[in-house]
Amino acid sequence: AKCPANETYIDIGANVGFMVNMVLWNDPERHVIAVDPISYDIAKLCEAYRYISQHASHVVGDDNNNNNNDPPKLLHEHYHLFHAAAGPQSLPQINITRPSDHVGKFDQSSLSRNAVIFGDGDVVTERVPLVKVDELWAALPSSRRVCLVKIDVQGHEYQVLQGMTELLSSNPPPRYIFYEESPRHIEKAGLTPGAVETLLTSTLY
């Protein structure tokens, strides 16, 4: 999606950065919020950030003013990475369930144990904060307009949206909202397929 350079990209369930890293590489001046609850994913996102800051020549700037051992100041100030899950409220800690290290497929992690449908029950939990997207967005300078929100959280997309009602009601609202609609995961999470579309339609239109 093409958006003005001063608008924000939000990635909820960023995984190892398939989308957010592309945004950073191509447009390092864009404000980015990335949220993921899994330690392995956060480590990979940090590795990618370090690589981009050192190898994307267009973000380095003036070599005379940049310490090659440090990420460029511009990228550092614009990238906001949160080791947390997103939901309808903020809590100090909640459980996130993921397939075990032996199974892999950490992209199948969910706030609901029943929604982790890979690994034949071989799962573990991690303890992470729960955050509202509204609070992360409000902390940006002037609460910048959001270009795109991507949500992929294995059945809990509706609960993420419950925590971003202020953003959805902002004027103007996000230009684009991409989300996963997997009825199997949604039902396993105890939620209702189609609820996200209903909420977005009633809020945005």
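Given the structure is predicted, the values throughout are model-derived calculations rather than measurements.

## Some points on helix α2 (residues 39-55)
- Its 17 residues give α2 an end-to-end C-alpha distance of 24 Å, which sits within 8% of 24 Å, the value for a rise of 1.5 Å per residue.
- For α2, the full list of buried residues reads Asp41, Ile42, Leu45, Ala48, Tyr49, Ile52 and Ser53. The arc that holds every buried residue of α2, seen down its axis, measures 130 degrees, which confines them to one face.

## Quick notes on the confidence of the model for the protein
- Considering every residue of the protein, the mean pLDDT works out to 88; 89% of them sit at 70 or more.
- Here helix α3 (residues 57-60) stands out as the element of the protein with the lowest mean pLDDT, 54, in contrast to strand β4 (residues 85-86), whose mean of 98 is the highest.
- Between residues 60-66, whose pLDDT stays under 50, and residues either more than four places distant or in other chains, the model counts four contacts.

## Digging into the nonpolar core
- Formed by 24 residues in total, the largest nonpolar core has its most connected members in Ile12 and Met164.
- Counting only elements with at least two residues in this core, the list comes to β1 (8-12), β2 (32-36), α5 (133-138), β7 (146-151), α6 (157-162), α7 (165-168) and α9 (195-204).
- Ignoring sequence-local partners within four residues, the contact set of Met164 consists of Val133, Asp134, Val149 and Ile151.
- Among the nonpolar cores identified, the runner-up in size contains 15 residues, and Val20, Val23, Ile42 and Tyr49 belong to it.

## Thoughts on the sheet that holds strand β8 (residues 176-179)
- Taken in spatial order, the five strands make up an open sheet running β3-β2-β1-β7-β8, and their pairing is parallel. Looking at the sheet topology across the chains shown, the edges are occupied by β3 (79-83) and β8. Ignoring which end each strand starts from, the neighbouring axes of this sheet average 10 degrees apart.
- Examined bridge by bridge, β1 and β7 share five bridges and lie parallel to one another. The residue of β7 that forms the bridge with Tyr9 is Leu148.
- The strands touched by α2 within the sheet are β2 and β3, with β3 carrying the most contacts at an inclination of about 160 degrees.

## A short note on the pattern of salt bridges
- Going through the model one piece at a time under the given rule, you end up with six salt bridges.
- For Arg30, the salt bridge is made with Asp27, and the minimal N-O distance between the two is 3.0 Å.
- We note a salt bridge from Arg98 to Glu126, for which the minimum N-O separation is 2.7 Å. Taken as a pair, Arg98 in strand β5 (residues 91-99) and Glu126 in strand β6 (residues 123-131) lie far apart in primary sequence, 28 residues in all.

Analysis parameters
- Residues numbered from 1 in each chain as written.
- Predicted model: local features only at pLDDT ≥ 70, side-chain atom pairs only at ≥ 80, totals over all residues.
- Heavy atoms only, no water.
- Helix = DSSP H or I, 4+ residues; strand = E, 2+ residues; numbered from the N terminus.
- Expected span 1.5 Å × (residues − 1).
- Buried < 20%, exposed > 50% of the residue type's maximum accessible area, 1.4 Å probe, protein only.
- Arc of directions from axis to C-beta.
- pLDDT = per-residue confidence, 0-100.
- Contact = heavy atoms within 4.5 Å.
- Core = buried A, V, L, I, M, F, W, Y, C linked by side-chain atoms within 4.5 Å.
- Pairing = 2+ DSSP bridges.
- Axes fitted to C-alpha atoms, helices over the stretch in contact; angles between N-to-C directions.
- Salt bridge = Lys/Arg side-chain N within 4 Å of Asp/Glu carboxyl O.

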